[in-house]
Amino acid sequence: MTAEWYILLEEDTRETRRAEGVELRLHRWTLVATQHIDGDEAQAAAAAEKLALRHAPAVLARHARPGDTPARHAFLTQDGGWVVLVKQRHRECHIRVTTARLIHTQEEKEAPPKSFKEKLRSALEDPQPPEPASRPWKPGGET
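Parameters at a glance
- Residues numbered from 1 in each chain as written.
- Predicted model: local features only at pLDDT ≥ 70, side-chain atom pairs only at ≥ 80, totals over all residues.
- Heavy atoms only, no water.
- Buried < 20%, exposed > 50% of the residue type's maximum accessible area, 1.4 Å probe, protein only.
- Helix = DSSP H or I, 4+ residues; strand = E, 2+ residues; numbered from the N terminus.
- Pairing = 2+ DSSP bridges.
- Axes fitted to C-alpha atoms, helices over the stretch in contact; angles between N-to-C directions.
- Contact = heavy atoms within 4.5 Å.
- Core = buried A, V, L, I, M, F, W, Y, C linked by side-chain atoms within 4.5 Å.

Next up on the list: the pairing of strand β4 (residues 82-88). In terms of burial, β4 is largely enclosed, as five of its seven residues are buried. Pairing of strand β3 (residues 71-76) with β4, which is carried by six bridges, proceeds in the antiparallel orientation. The residue bridging H73 from the neighbouring strand is L85, located in β4. Adjacent in sequence and paired antiparallel, β3 and β4 are bridged by five residues, among which G80 carries a positive phi angle near 95°. Across seven bridges, β4 lies against strand β5 (residues 91-102) in antiparallel orientation. Bridge pairing in β5 places V83 opposite R96. Between β4 and β5, which pair antiparallel one after the other, the connecting turn spans two residues, and R89 there sits at a positive phi close to 45°.

Next up, the structure:
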């Protein structure tokens, strides 16, 4: 198997909601891009560093003016990933850039549509729980 290296870019997306008169700022990491790298792990690491030092997150990019350069604090983690704090005009956000080797892919497969007879039968009968594709995973056990 040949190693296929990718760069994964995640951004800290923010959503503000109000609950019982309190403003809540909800944060979550969202995978916003994947980029295939033609090369080995070292080339993927170099490309990840370049992206970490130059990427403008969408939260800041939509408010930027031509010529703006945001403040940036880039941290290289022990596992080779980058966590970057980017600030511009009272706005700040975080990005995470990591390298990853593609191990497994699986294409989506849809079940065939039910016939009219099957739809009618399922409407008249008690609903049956769906059959699991495989046994659930258990910690320390086999699947």
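Turning to unusual backbone geometry, a few remarks are in order. Residues other than glycine seldom take positive phi values, yet E20 does so here, at roughly 55°. If you trace the backbone, E20 turns up in the loop between β1 (4-19) and β2 (22-37). When its relative accessible area of 85% is taken as the criterion, E20 is described as exposed.

Spatially, the five strands line up as an open sheet ordered β2-β1-β5-β4-β3, and their pairing is antiparallel. On the outer flanks of this sheet lie β2 and β3, each paired with one strand and no other. Ignoring which end each strand starts from, the neighbouring axes of this sheet average 20° apart.

Both β1 and β2 contribute to a ladder of 15 bridges, which runs antiparallel. The residue of β2 that forms the bridge with E10 is L31. Here β1 folds back onto β2, and the loop between the two strands holds two residues, one of which, E20, carries a positive phi near 55°.

Once that is clear, we can look at the side chain of H55. Following the sequence through the fold, H55 ends up in the loop between α1 (41-54) and α2 (58-61). We classify H55 as buried; its relative accessible area is 18%. Other than its neighbours up to four places away in sequence, H55 contacts L9, E11, R72 and I95.

In this structure, W82, V84 and V97 are the most contacted members of the largest nonpolar core, which totals 14 residues. Of all the secondary structure elements, the ones that give two or more residues to this core are β1, α1, β4 and β5. Not counting the four nearest positions on each side in its chain, W82 is found in contact with A48, E49, A52, A74, F75, L76, I95, R96 and V97.

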